[in-house]
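# Structural overview
The residues making up each chain are set out below.
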Amino acid sequence: MTNIFDVLIIGGGVHGASLAFHLASRGVKLAVLEKRFIAAGATGRSSGLVRMHYDLEAEARLAHVSFGYFTDWRGRVGGDCGFTRTGFLQLVKRDQNEALKANVAAQQRIGIRTEVIVAEDVHRLAPEFTVDDIEFAAYEPDSGYADPTLTASSLLAAARARGATFIQDCLVKGISVANGRVTGVSTSKGDFSAPIIVNAAGAWGKQICQMAGLDLPLSTWRHETMFVRRPPELSAPHLTVIDFPNSMYFRPEGQELTLVGLEDGNPLGESPEGDADHARPGFVEAAIERICERIPKMENAHLHGAHGGYDGITPDQHPALGPIGPDGFFLDTGFSGTGFKIAPAVGLCMAEWILDGAPGTVDISLFSPSRFSDGRQIQGEYPYESIWR
Ligand SMILES: Cc1cc2nc3c(=O)[nH]c(=O)nc-3n(C[C@H](O)[C@H](O)[C@H](O)COP(=O)(O)OP(=O)(O)OC[C@H]3O[C@@H](n4cnc5c(N)ncnc54)[C@H](O)[C@@H]3O)c2cc1C
């Protein structure tokens with residue numbers, strides 16, 4: 001019998017790949033089981049923003065540890081993750097100024113290179129931006145974006161180089177449990193056994209939990225992005241920006257394109273099998289309107305394309321990490337639309353949790369899925385409004 005492993009990871013997105021990399025680096029015999037191909041889910045559609053501004057310290061810490069990987073990818077993982085430094089701006093509404101300052105101070109204590117700047121500084125950094133609706137912004141000079149598919153592929157390649165097995169076109173159909181312990185899975189490619197099974201299935205996370213006899217409040221979040229070709233008068237790549245006043249974020253894509261996503265109007269609870277290849281009616285018009293609010297010269301941009309994707313989401317919009325239900329069953333899911341940039345550190349901490357009994361590098365135990373039945377919701381220390389309305 002060759003299908004016997006120490007750990008089975010369900011899902012070949014960036015989180016399955018990151019966990020595989022960290023476990024394989026510690027000598028664990030594991031297989032990643034993926035129903036389609038690497039990065040076929042949210043990861044392949046992710047906007048790939050790499051920034052450290054969060055209103056929850058634990059997430060800022062995960063983003064900071066991950067940033068060390070993104071900026072030293074060749075040294076730590078090997079291959080490439082496509083990290084591009086653009087500088088990052090977090091723009092907030094005036095009534096969020098105090099939260100912004102408190103969050104930046106907390107991030108500086110962690111060691112993140114970030115500062116509060118005023119509207120005139122934003123204008124100096126980005127003369128083409130309208131700044132009359134903001135007073136302050138957080139500025140991370142070293143942040144930017146990475147290529148999510150490349151990131152997941154190189155994590156997986158590094159895991160395989162350390163002995164991990166990757167099986168694609170392998171749909172997990174059931175999880176077997178005996179005497180309160182998981183023992184293996186049944187799939188479209190046969191049965192696999194392992195004493196530890198990790199649910200890294202993103203928007204399909206709820207279904208995988210049901211296979212283990214768990215009914216958790218995991219849902220789905222649909223999100224769309226638009227790409228425009230900038231006009232000649234905006235030819236230089238710009239900063240990566242989260243723009244709360246316009247409920248939007250944007251970043252350059254390569255030399256000529258700009259990617260735009262909207263923070264509002266992202267449907268919850270749809271089937272993750274929905275059509276994500278096309279944006280819904282009205283999205284492109286809204287995205288063009290919003291980007292022109294911040295950068296009026298974008299009026300002369302040309303539409304390049306638009307599509308969507310599905311991520312898993314939890315009731316408090318923070319991930320669900322750690323053991324739950326039968327012994328040996330772990331969640332590594334529910335990233336609620338912001339999971340890409342923390343993937344290297346989450347994989348590291350999950351590997352510590354599985355192998356050492358507790359996460360060490362960053363204490364991620366607050367993300368335990370037991371919070372759902374305990375009635376506990378995670379909230380940032382200096383919270384902004386919940387973003388995915
Ligand atoms: C459009 C969009 C833009 C985003 N932009 C950003 C961003 O800028 N920055 C950021 O940090 N985050 C962003 N996110 C969120 C981020 O991309 C996700 O949190 C992250 O990619 C989730 O990774 P994952 O590995 O958990 O899930 P996924 O990448 O969805 O991987 C899960 C995998 O599980 C597989 N699977 C499911 N069911 C089964 C089964 N039964 N058997 C076998 N395999 C199965 C799926 O095929 C899939 O490949 C964005 C998300 C979307 C959708």
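An account of the accompanying structure is given in this report. (Residues numbered from 1 in each chain as written. Predicted model: local features only at pLDDT ≥ 70, side-chain atom pairs only at ≥ 80, totals over all residues. Heavy atoms only, no water.)

### Comments concerning the pattern of salt bridges
If charged atoms from side chains of opposite charge come close, those side chains can pair. Here is the rule: Just to be clear on terms, a salt bridge is a Lys or Arg side-chain nitrogen sitting within 4 Å of an Asp or Glu carboxyl oxygen. Strands here are runs of E lasting at least two residues and helices are runs of H or I lasting at least four, both read from the DSSP assignment and numbered beginning at the N terminus. Burial classification: accessible surface area is computed with a 1.4 Å probe over protein chains only, and a residue below 20% of its type maximum counts as buried, one above 50% as exposed, and the rest as partly exposed.
Summed over all chains, the structure comprises 19 salt bridges. The residue glutamate 98 makes a salt bridge to lysine 101 at a minimum N-O spacing of 3.7 Å. Of this pair, glutamate 98 and lysine 101 both sit in helix 5 (residues 97-110), 3 residues apart, roughly one helical turn. We classify glutamate 98 as exposed; its relative accessible area is 57%. Through salt bridges with shared partners, a single network forms among Arg85, Arg113 and Asp142.

### What to know about the site of the ligand
We count it as follows: Only heavy atoms are used to decide nearness, and a residue is near a molecule or strand if one of them lies within 4 Å of it. Any pair of nitrogen or oxygen atoms within 3.5 Å is treated as a polar contact; in protein, a donor-acceptor pairing is required on top of that, and neighbouring residues in sequence qualify only through side-chain atoms on both sides. Working definition of accessibility: Shrake-Rupley area with a 1.4 Å probe, residue cover restricted to the visible protein chains. Under the convention adopted here, Pro, Cys and the residues Ala, Val, Leu, Ile, Met, Phe, Trp and Tyr are nonpolar, Asp, Glu, Lys and Arg are charged, and Gly plus all remaining residues are polar.
Around the ligand sit 38 residues in total, of which Glu34, Ala42, Thr43, Asp311 and Lys341 are the nearest. The separation between a nitrogen atom of the ligand and a polar main-chain atom of glycine 337 is 3.3 Å. Between the ligand and glycine 339, the relevant distance is 3.1 Å, taken from an oxygen atom to a main-chain nitrogen or oxygen of the residue. In isolation the ligand exposes 1,000 Å². Once the protein is present, 98% of that is buried. Among the secondary structure elements, those contributing two or more residues to the shell around the ligand are helix 1 (14-25), helix 2 (42-45), strand 14 (219-229) and strand 18 (302-313). For the shell around the ligand, a count of residues per class yields 18 nonpolar, 15 polar and 5 charged.

### A short note on the environment of phenylalanine 83
By secondary structure assignment, the location of phenylalanine 83 is in the loop between helix 4 (73-76) and strand 4 (84-85). Each C-alpha atom, one on phenylalanine 83 and one on proline 148, is 9.4 Å from the other, the two residues being 65 residues apart in sequence.

### Here we look at the sheet that holds strand 5 (residues 88-91)
The criterion, for reference: Think of it this way: DSSP has to see at least two bridges between two strands before they count as a pair. Angular values range over 0 to 180 degrees, each being the angle between N-to-C directions of two axes fitted as lines to C-alpha atoms, with helices fitted over their stretch in contact.
The strand order across the open sheet built from 8 strands is 6-7-5-15-16-17-14-18, with neighbouring strands paired in mixed fashion. Taken across any chain shown, the strands that pair with only one partner, and hence form the sheet edges, are strand 6 (115-118) and strand 18. Between one strand axis and the next, the sheet turns by 20° as a mean value, whatever way the strands run. Bridging between strand 5 and strand 15 (residues 240-243) involves 4 bridges; their strand directions are parallel. The partner of leucine 91 across the bridge, within strand 15, is aspartate 243.

### Comments concerning the packing of aromatic side chains
Definition in use: Each aromatic pair joins two rings of Phe, Tyr and Trp (for Trp, the six-membered one) with centres within 6.5 Å, and gets the label stacked for planes under 30 degrees apart, edge-to-face for over 60, and tilted for any other angle. Lysine NZ or arginine CZ positioned within 6 Å of the ring centre and within 35 degrees of the ring normal marks a charge as sitting over the ring.
Under the criterion given, the structure shown has 6 aromatic pairs. With a centroid separation of 5.6 Å and 75° between ring planes, the pair formed by phenylalanine 129 and phenylalanine 250 is classed as edge-to-face. Of this pair, phenylalanine 129 sits in the loop between helix 6 (119-125) and strand 7 (136-140) while phenylalanine 250 is found in strand 16 (residues 248-253), placing the two residues 121 residues apart along the sequence. For phenylalanine 250, a relative accessible area of 0% translates into the label buried. Both rings, one in phenylalanine 244 and one in tyrosine 384, keep their centres 5.3 Å apart while their planes meet at 75°; by these two values the pair is edge-to-face. One end of the pair, phenylalanine 244, is in the loop between strand 15 and strand 16; the other, tyrosine 384, is in the segment after helix 11 (370-374), with 140 residues separating them in the sequence. Here the two residues phenylalanine 244 and tyrosine 384 agree in accessibility, since each one is buried. Every member of this aromatic cluster is reached through a ring pair, and the members are Phe70, Trp73 and Phe340. Looking at lysine 101, its charged tip hangs above the ring of phenylalanine 136, at a distance of 4.1 Å from the centre. Stacked on the ring of tyrosine 145, the Lys or Arg arginine 251 has its end atom at 4.0 Å from the ring centre.

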